[in-house]
Amino acid sequence: DLNKCKNKSDRTPKVKNQEIFNLQMKFMDLYNEIINILSGKKGVLRQLISGRYNFSARCVIRQDPSLRIDQVSLPYKALVIVFKAQIENILHRMYNISFQEAYDRWYKATSNIDPTILKILEMIIEHGHINPETGEEEPGIPVFTDRNPSINYGSFQQAFCVKINTNDYTMGVSLQSIKKQ
């Protein structure tokens, strides 16, 4: 510690400033080395994780004991934004309104819960996906979850959205999905 030097000559401003400068230079060398290592990520990891993605959302996670390990619940607002095109198309076809009117209705639903759009999202979840093993239709929208740091085992998982959170902006995950730190 620079402030606890025993020698009086080491406590002079000139010596202290030189030591601080040396520490800063070592820090900058370390910082540059870390940046060079991280900017050099290549291959599958970089292709999977880096960049921007359409149809994605960020959510704070919370435990939901009612979910299986392969299930999640997502916030209403995230689902409304991710399923924008499907919602507009369903509104246009089912309610015989123009695409502009469908867009306006969707846009208002991004701020306040619209019961019709909530029913559309529930219908999308109910008719979720086809199980490849049985060929049967099963509820749940296939989603990928990515928890930082992405290089840890189990941080990138595939699950099915089976519920909509209308009370908060969190993503519910099963108790088994969250490891104790």
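Scroll up to find the structure.
Keep in mind it's a predicted model, so treat the numbers as computed, not measured.

**Q** So what's going on with the nonpolar core? Which residues, and what values?
**A** With 27 residues, the main nonpolar core has Leu 79 and Leu 121 as its most contacted residues. Only strand 2 (71–75), helix 3 (76–82), helix 4 (84–94), helix 5 (99–109), helix 6 (115–126), strand 5 (141–146), strand 6 (156–165) and strand 7 (170–173) provide two or more residues apiece to this core. Tallying contributions element by element places helix 6 first for this core, with six residues. Each residue touching Leu 121, except ones within four places of it in the same chain, is listed here: Tyr 76, Leu 79, Val 80, Phe 83, Ile 87 and Ile 164.

**Q** How would you sum up helix 6? Please name residues and give values.
**A** A rise of 1.5 Å per residue sets the reference length of helix 6, with its twelve residues, at 16 Å; its end C-alpha atoms lie 16 Å apart and thus fit the reference within 8%. Of all the residues in helix 6, the buried ones are Thr 116, Ile 117, Leu 118, Ile 120, Leu 121, Ile 124 and Ile 125. For helix 6, the elements touching its buried residues are helix 3, helix 4, helix 5, strand 5 and strand 6. The N-cap residue of helix 6 is Asp 114: its side-chain oxygen and the backbone nitrogen of Thr 116 are 2.8 Å apart.

Criteria and cut-off values
- Residues numbered from 1 in each chain as written.
- Predicted model: local features only at pLDDT ≥ 70, side-chain atom pairs only at ≥ 80, totals over all residues.
- Heavy atoms only, no water.
- Core = buried A, V, L, I, M, F, W, Y, C linked by side-chain atoms within 4.5 Å.
- Buried < 20%, exposed > 50% of the residue type's maximum accessible area, 1.4 Å probe, protein only.
- Helix = DSSP H or I, 4+ residues; strand = E, 2+ residues; numbered from the N terminus.
- Contact = heavy atoms within 4.5 Å.
- Expected span 1.5 Å × (residues − 1).
- Polar contact = N/O pair within 3.5 Å; in protein donor to acceptor, adjacent residues only side chain to side chain.

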